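In case you want the letters, here they are:
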Amino acid sequence: MRKPLVVANWKMNGDFASNEALYAALRAGLDASVSNAVDIAICPPFPYLGHSTAWLTDTPIRLGAQNVAATSNGAFTGEVSASMLADVGCHWVIIGHSERRSMYGETDADVAAKLSLALASQLSVIACVGETLQENEAGQTEAVLARQLDALVSTFAKAPAIMCVVAYEPVWAIGTGRSATPEQAQAVHCFIRAYLAGKGVSQADEIRILYGGSVKPANALSLMSMPDIDGALVGGASLVADDFLSICRASAVA
Ligand code: PEP
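First things first, this report covers the structure right here in the doc. Values in this document were obtained by computation on a predicted structure and should not be read as measured data.

**Here's the deal with the packing of helix H8 (residues 141–156) against helix H9 (residues 182–198)**
Relative to each other, H8 and H9 sit at 40°, their axes nearing to 10 Å. One finds that H8 runs oblique with respect to H9. Two packed elements cross with a definite hand, and for H8 against H9 that hand is right-handed. Contact residues: H8 offers Thr-141, Glu-142, Leu-145, Ala-146, Leu-149, Asp-150, Val-153 and Phe-156, while H9 offers Val-188, Phe-191, Ile-192, Tyr-195 and Leu-196. Classifying every residue of the contact of H8 with H9 gives 10 nonpolar, one polar and two charged.

Encoded structure:
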């Protein structure tokens, strides 16, 4: 039985005042019936991680980062290491987000290095995979995902399933308002799980596979009701407390 996980990716948004207000609204609106049924994580920008540990005190919401360095501590100006994220109270870290891949040149090898370093610092990992519109239309979705998953499998095979999460985020669905249909997403999630198992990840059935890409209150229940969709990675809708809470509620009942 995989417990659903809903992750807020705030991206590079917010400021001290708006973050505090958003946390207050989330704290006020989160019922125990939901937080008992669903794991919830918030990934604010780096400068707010320290404050977030205080804002999240006494809540079941866990803290995550949106990125991590592909190296350990050292002379890497502007980078933030896995051990630092753990030190300031992060439980989760997102790696391989498509915006990191497309805008900052993050490679599969970088994602593999980040995965190993994160796990070594006891961070749990949300590893993003997904195809572009062009790749989708060329029928290359499974080939692209296989290549991206190949960077993860040897490390996943040795790690506890609870610390390893895959987020399937079709790039054409991120921030576009055009989500994959539940059936499309289910077919890809099923492929990902089978691919992991076929590559020797013996705990593939226990690994949570999240869907990300224009998840909103209106489509959350139908997506989360699919058997291989184990939660959501939420961008835009996570900046609106009522919308994010509504997605958490949908995941709790799906
Ligand atoms: C994301 O960036 O991870 C994401 C899923 O964004 P959105 O929900 O806005 O599509």
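From this point on, the discussion continues.
**Structural notes on the pattern of salt bridges**
Applying the stated criterion across every chain yields a total of 12 salt bridges. With a shortest N-O distance of 3.1 Å, Asp-39 and Lys-3 are connected by a salt bridge. Taken together, the positions of Asp-39 in strand E2 (residues 39–43) and Lys-3 in the segment before strand E1 (5–9) put the pair 36 residues apart, joining distant regions of the chain. Taking the relative accessible area as the measure of exposure, Asp-39 reaches 23% and is therefore partly exposed. Judged by relative accessible area, which is 32%, Lys-3 ranks as partly exposed.

**A look at the site of the ligand**
Near the ligand, the surroundings consist of 14 residues, among which Lys-11, Glu-169, Gly-175, Ser-214 and Gly-236 are the closest. A distance of 2.7 Å separates an oxygen atom of the ligand from a polar side-chain atom of Glu-169. Gly-175 has a polar backbone atom sitting 2.7 Å from an oxygen atom of the ligand. Isolated, the ligand exposes 290 Å² of accessible area, and the fraction of that covered by the protein chains is 97%.

**Observations concerning the packing of aromatic side chains**
To describe a pair of aromatic rings, you give the distance between the ring centres and the angle between the ring planes. A full pass over the atoms with the stated rule returns five aromatic pairs. Ring geometry for Tyr-23 versus Trp-55: centroids 5.2 Å apart, planes at 35°, classification tilted. Within this pair, whereas Tyr-23 is found in helix H1 (residues 16–29), its partner Trp-55 is found in helix H3 (residues 49–55), the two being separated by 32 residues in sequence. The exposure classification of Tyr-23 matches that of Trp-55, with both residues buried. Among the aromatic residues, those joined into a ring-pair cluster are Trp-10, Phe-16, Tyr-23 and Trp-55. Cation over ring: Arg-100 sits above Tyr-104, and NZ or CZ is 4.2 Å from the ring centre.

**Focus on the sheet that holds strand E5 (residues 124–129)**
Read around the closed barrel, eight strands run E1-E2-E3-E4-E5-E6-E7-E8, paired in parallel fashion. If you compare each strand with its neighbour and ignore which way they point, the axes differ by 25° on average. Sheet analysis places strand E3 (residues 62–65) next to strand E4 (residues 92–95), joined by two bridges and oriented parallel. Within the sheet, the bridge partner assigned to Gly-64 lies in E4 and is Trp-92. Strand contacts of H8: E5 and strand E6 (164–168), with the helix running at about 170° to E6, the strand carrying the most contacts.

**Side note on empty space enclosed by the protein**
To find leftover empty space, one rolls a probe the size of a water molecule over the atoms. As enumerated under the stated definition, the model contains one cavity of 30 Å³ or more in all. Put simply, the largest cavity is a space of about 40 Å³. Taken together, Gly-96, Ser-98, Arg-101, Cys-128, Val-129, Gly-130, Gln-148 and Glu-169 form the lining of the largest cavity. Secondary-structure elements contributing two or more residues to the lining of the largest cavity are helix H5 (98–104) and E5.

**Concerning the layout of surface pockets**
In this structure, the largest pocket spans a volume of roughly 520 Å³. In terms of lining, the largest pocket is formed by 20 residues, of which the most central are Lys-11, Met-12, Gln-66, Arg-100 and Tyr-104. Sorting elements by how many residues they give to the lining of the largest pocket places H5 first, with four residues. The residue makeup of the lining of the largest pocket, split by class, is 11 nonpolar, five polar and four charged. In this structure, the second largest pocket occupies an estimated 210 Å³ of space. Partitioning the lining of the second largest pocket into residue classes produces nine nonpolar, two polar and two charged.

**Observations regarding the nonpolar core**
If you look at the biggest cluster of nonpolar residues, it comprises 72 residues, and the most contacted ones within it are Val-93, Phe-156, Val-166, Ile-192, Leu-196, Tyr-211 and Phe-244. Those residues in contact with Val-166 that sit more than four places away from it in its chain are Ala-127, Val-129, Leu-149, Phe-156, Ile-192, Leu-196, Ile-207, Arg-208, Ile-209 and Leu-210.

How each quantity is defined
- Residues numbered from 1 in each chain as written.
- Predicted model: local features only at pLDDT ≥ 70, side-chain atom pairs only at ≥ 80, totals over all residues.
- Heavy atoms only, no water.
- Axes fitted to C-alpha atoms, helices over the stretch in contact; angles between N-to-C directions.
- Helix = DSSP H or I, 4+ residues; strand = E, 2+ residues; numbered from the N terminus.
- Parallel < 35°, antiparallel > 145°, perpendicular 65-115°, else oblique.
- Left-handed = near helix turned anticlockwise from the far one by under 90°.
- Contact = heavy atoms within 4.5 Å.
- Nonpolar A, V, L, I, M, F, W, Y, C, P; charged D, E, K, R; others polar.
- Salt bridge = Lys/Arg side-chain N within 4 Å of Asp/Glu carboxyl O.
- Buried < 20%, exposed > 50% of the residue type's maximum accessible area, 1.4 Å probe, protein only.
- Near = heavy atom within 4 Å.
- Polar contact = N/O pair within 3.5 Å; in protein donor to acceptor, adjacent residues only side chain to side chain.
- Areas by Shrake-Rupley, 256 points an atom, 1.4 Å probe, with all protein chains shown as cover.
- Phe/Tyr/Trp six-rings, centres within 6.5 Å; stacked < 30°, edge-to-face > 60°.
- Lys NZ or Arg CZ within 6 Å of the ring centre and 35° of its normal.
- Pairing = 2+ DSSP bridges.
- 1 Å grid on protein atoms, 1.4 Å probe; cavity = no way out; pocket = protein on both sides within 12 Å on 5 of 7 lines; lining within 4 Å.
- Points joined across faces, edges and corners; volume = space filled by probe spheres on them.
- Core = buried A, V, L, I, M, F, W, Y, C linked by side-chain atoms within 4.5 Å.

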